[in-house]
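Secondary and tertiary structure notes
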Amino acid sequence: MSGLRDRLAGTLDRLVDASPLERLLISVASLVFALVLGAVLIFVSGFVATCNSPVVFIPGVGYGCYNPIEVYSTMLQGAFGSPISLGQTLQETTLLLFTGLSVAVAFRAGLFNIGTQGQMVLGALATAVTVLWLGPFVPNNAIGTIVVIPAGIAAGAVVGGFWGMIPGVMKAYADAHEVITTIMLNFIATAIAFYLVNNHVGDPSSDSVLTETIPAVAQFPAAIDGSRFSFFALGAGLLVAIGITLLYTQTVIGYELRTSGIQETAAEYSGVNAERNIVTSMTLSGALGGVAGAMYVMMAQYRWQTGIPSLGFDGIAVSILAGNNPIGIIPTSLLFGTLKSGSLAINLSLGVPTELVEVIQGLIILFIAMPEFFRLIGKRSGFGSDTPATSGGEQA
Amino acid sequence: MSADDESADGARPGAAAVHMDGITKRFPGVVANDDIDFAVDRGTVHALVGENGAGKTTLMNVLYGLYEPTEGSVRIDGVRHEFDGPSDAMDAGIGMIHQHFMLVDTMTVAENVVLGNEPTKWGGFATDRAQAIEETKALAERYGFDLDPTAQIDEISIGEQQRVEILKALYRGAEILILDEPTAVLTPQEVEGLFDILEELIAEGKTIIFITHKLGEALEAADEISVLRDGKLVGTVSSAAASQEELARMMVGRDVLLDLEKPAAQRGDPILEVEEMSVEDDRGVTAVSDVDFAVHEGEVFGIAGVDGNGQSELIEAITGLHQPSSGTITFDGSQITTASRSDRIGMGMAYIAEDRQKRSLVMDYDLRRNGLLGCQRLPEFSNGFRIDWESTEEYVDDVIDEYDVRPPDPSADAHSFSGGNQQKFIVGREFERDPSLVVASQPTRGVDIGSIEFIHDRLLDLRADGTAILLVSSKLDEVRQLSDRLAVMHDGEIVAVVDPDAVSEEELGLLMAGEQPAGITAESARVRGGESA
């Protein structure tokens, strides 16, 4: 019993102390392992499914419907096989990049923002309302676009930032835990947006809860025919990722936010107002969630409508998977974008049920995220290199 | 269930209740316990005294199973144990009462006592509250505790909460009780009550170890006293044969330091003036009351005292980490009572914090980033927005070079350095930016002798350059040798300001214990008079 415990504790120690290269290797190995396990799962499920053209027959067992290699190749095809599917993948990637960065900014400052979803929903609505209002005042050409799109992004950022600031203030000055408040504010955000669109800013000619289509000047110029993906949006996301990296490595405020997150007592020693930093971090995080909403409206949906996908929640996984490193979020959002658009194709062209596709997706995320997750937990629970007791402190 | 029956249960007759043999506990850069042999006889009260950081809590955490010792073994009643965690230690009859209580505020006394070992009914489906109350009541009566089992925790006093903690340990069958600084949170009357309880427990055959740094209490309540210093056991004495002076000497050690070349002070204008300042700690208890003093250019103003007599709160108020509840602080001619910490840094206040791993360093940052800690908004290091990494690196290289930080690797993380090298780095970072006031709190705690000498020399260099230095240390030798004037703190007050060359160690020891030795009053009056002149 105790031998097992020691070994587990030792593994956790090693995981916490792992170098960046080791962590990358762990992630790649996890991906391979998840794909292999997924393949087995797909293959086995094929024997309980019914289909017209089985791919394999095993005497005594029966007909198998799914060929794992075909499933994976269809997934890759679906993600990258045509310009349109590539556009779909990159569009998902762009949106996840923003929500992932939103989560990462808070995480770096020691805060867990579960509220990116709500910040995105309200930011998206602010963007839609702003560009719908602004549309008639600007010329219907490139100049109009140069005015309207930044205005739409700014509106999303301001409202999302405000929605992120609320749990920040509650955390800093009333000790309300941000995990609880941000989750609750997600519901409130969705309800407020629904109410506003349903009663005040919605499209009166429609029975559904949605706004009018935003004017063409507010739509990101599409890069690929048949897809709404825009290189401008992706480029903006990459710039933000670089910007956040610079913020944390080159600027005083970034240094202070990060120090507050890593070791609050030392941050206080260095003259940082930890409370104000909490509000700042949450506002910044919320603003990025709002920008994700703006991108969603101006690149993906061209309007606000209920049932906004859970990009904000996916952003949590994207960020954790990247170890909350802004540059690391670029590949992880691409991975998630690929899974999202690729799995759609598996269902459509192979008839593999969406539930099974989600299981495969879940496996990949779980396998890659778990080592990082345990690393994070291990670090917080004091594994890794031992640290001595501060006298009089609570150790139990 | 008499004490005799229990001691017969698997115990070897005549063996000590607790026997820790050759315990060594190493953390990266620190040897917290160094080959400690520690034994406690059954049915006795044993006090464990020593400065903060001497290794008392670490040793007890080893006993309680929270830490695995690097070397050494633990025997309970002569039987060897290897604890994997506190629950193993509890099974072996060890209970620990932490300084900060671990009770559920919204539950009753009885519910807290049985928590984790609840009596059940309906075949284990429900907690039998009636029985819990009954058992708690019986237990409290047996040990003479005055407690209402149905009272809610947040409605009873701190002293009563402590009794609940003790009951909780007894309920789980503890034979050996460890109390970590049990008197720190109590009023004097509650302390007396606690000592009565300890007597009661001893009469019932229990064994008690309590951690303290208050020597008077150790002498009053304990049968034997073990003194730890810098992770080593200095000695174990019988309280009947020991005196406060002797214990103080064992605790702080002497003849450790070489004599310093200290030229006469070139005292200038006052830089820091503290007037009628009081500070409350986080619990709202007055930690510093009505303190008055000034620190001048070119002098070292020392503050001596047993740890926990308000020094930490005083320092945090001066450095801007804690708001005083009343009084004023003036720095370099301007009122800074409510100024932010970063304003104080900007005005030239350097600060060596007492807990370097918590405050003065970010353990997961390399030295380069740590060199920026506290300096990040100073014009030499940034324009307020963008960090000037180039000059930061130069600065860090200078500090590493000038202060002999080893290994001289600015990209190594702080936690990979030894305590002495960490401290040399902090001292260098704080001193090299040319401060007008240095607040140094325990600047040589847990630091090797070579580094101690080095840090002392640098402090005196700054003093020769006209810097004002406020030095707090629980090492008597250190404050006596370095200080030009020495204040003694006891129970939140400055009880005397003395000339460190004219006062004996014995007299200081008495002052630290809150007593007024003959002749000192006149002495302090002389020095105080000199100050105002």
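Refer to the structure printed above.
Here's a quick rundown of the structure. (Residues numbered from 1 in each chain as written. Chains lettered and ligands numbered in written order. Predicted model: local features only at pLDDT ≥ 70, side-chain atom pairs only at ≥ 80, totals over all residues. Heavy atoms only, no water.)

**A closer look at unusual backbone geometry**
The phi dihedral of N324 of chain A falls on the positive side, at around 60°, and the residue is not glycine. Within the secondary structure, N324 of chain A is located in the loop between α12 (311-321) and α13 (329-350). Here E276 of chain B, not a glycine, exhibits a phi torsion of approximately 45°, which is positive. (Helix = DSSP H or I, 4+ residues; strand = E, 2+ residues; numbered from the N terminus.)

**Here's the deal with the packing of aromatic side chains**
As enumerated under the stated definition, the model contains 13 aromatic pairs over all chains in all. Ring geometry for F43 of chain A and F47 of chain A: centres 5.3 Å apart, planes at 85°, overall edge-to-face. Overall, the relative accessible area of 29% leaves F43 of chain A in the partly exposed class. When the ring centre of Y365 of chain B is taken as reference, the NZ or CZ atom of R369 of chain B above it lies at 5.9 Å. The ring of F454 of chain B has K424 of chain B lying over it, and the distance from NZ or CZ to the ring centre is 6.0 Å. (Phe/Tyr/Trp six-rings, centres within 6.5 Å; stacked < 30°, edge-to-face > 60°. Buried < 20%, exposed > 50% of the residue type's maximum accessible area, 1.4 Å probe, protein only. Lys NZ or Arg CZ within 6 Å of the ring centre and 35° of its normal.)

**Quick notes on the layout of surface pockets**
All names here are of chain A. In this structure, the second largest pocket spans a volume of roughly 530 Å³. Lining the second largest pocket are 22 residues, with E268, V272, N273, A274 and E275 sitting closest to its centre. In terms of residue count, the dominant contributor to the lining of the second largest pocket is helix α11 (residues 274-301) (5 residues). Tallied by class, residues from the lining of the second largest pocket come to 5 nonpolar, 8 polar and 9 charged. (1 Å grid on protein atoms, 1.4 Å probe; cavity = no way out; pocket = protein on both sides within 12 Å on 5 of 7 lines; lining within 4 Å. Points joined across faces, edges and corners; volume = space filled by probe spheres on them. Nonpolar A, V, L, I, M, F, W, Y, C, P; charged D, E, K, R; others polar.)

**Re α12 of chain A**
Residue and element names in this part refer to chain A. Buried residues dominate α12, accounting for 9 of its 11 residues. The set of residues buried in α12 consists of L311, G312, D314, G315, I316, V318, S319, I320 and L321. Looking one or two residues past α12, G323 carries a phi angle of roughly 60°, positive in sign.

**Regarding the sheet that holds strand β4 (residues 71-76) of chain B**
Residue and element names in this part refer to chain B. Strand order in the open sheet made by the 4 strands is β2-β1-β4-β5, with antiparallel pairing throughout. With one partner strand each, in any of the chains shown, β2 (30-40) and β5 (79-81) form the two edges of the open sheet. Going from strand to strand, the sheet's axes swing by 30° on average, the running direction of each strand aside. Here 3 bridges tie β4 to β5, and the two strands are oriented antiparallel to one another. Residue pairing for β5: I76 is matched across the bridge by V79. Against the sheet, helix α2 (residues 56-63) makes contact with β1 (18-27), β2 and β4, and its axis sits at roughly 115° relative to β1, the strand it touches most. (Pairing = 2+ DSSP bridges. Axes fitted to C-alpha atoms, helices over the stretch in contact; angles between N-to-C directions. Contact = heavy atoms within 4.5 Å.)

**Examining a nonpolar patch on the surface**
Residue and element names in this part refer to chain A. Judged by side-chain polarity, L21, L24, L25, V28, V32, V36, V40 and V44 come together as a nonpolar surface patch covering roughly 760 Å² of accessible area. Within the secondary structure layout, L24 lies in helix α2 (residues 20-45). Accessibility expressed as a relative area gives 55% for L24, which makes it exposed. (Patch = residues over 30% accessible without salt bridge, like charges linked within 9 Å, V, L, I, M, F, W, Y side chains within 5 Å. Areas by Shrake-Rupley, 256 points an atom, 1.4 Å probe, with all protein chains shown as cover. Salt bridge = Lys/Arg side-chain N within 4 Å of Asp/Glu carboxyl O.)

**Some words on the sheet that holds strand β22 (residues 493-498) of chain B**
Residues and elements named next belong to chain B. Reading across the sheet, the 6 strands line up as β18-β19-β20-β15-β21-β22 and stay open at both edges, with mixed pairing between neighbours. The two strands at the open ends of the sheet, each matched to only one other strand, are β18 (349-352) and β22. Going from strand to strand, the sheet's axes swing by 15° on average, the running direction of each strand aside. Here strand β15 (residues 300-304) pairs with strand β21 (residues 485-490) via 4 bridges, running parallel. Residue pairing in the sheet places A304 in a bridge with V488 of β21. Here helix α10 (residues 311-319) sits on the sheet in contact with β15, β18, β19 (437-441), β20 (468-472) and β21, set at roughly 150° to β18. Relative to β18, helix α15 (residues 419-431) is tilted by about 175°, and along the sheet it contacts β18 and β19.

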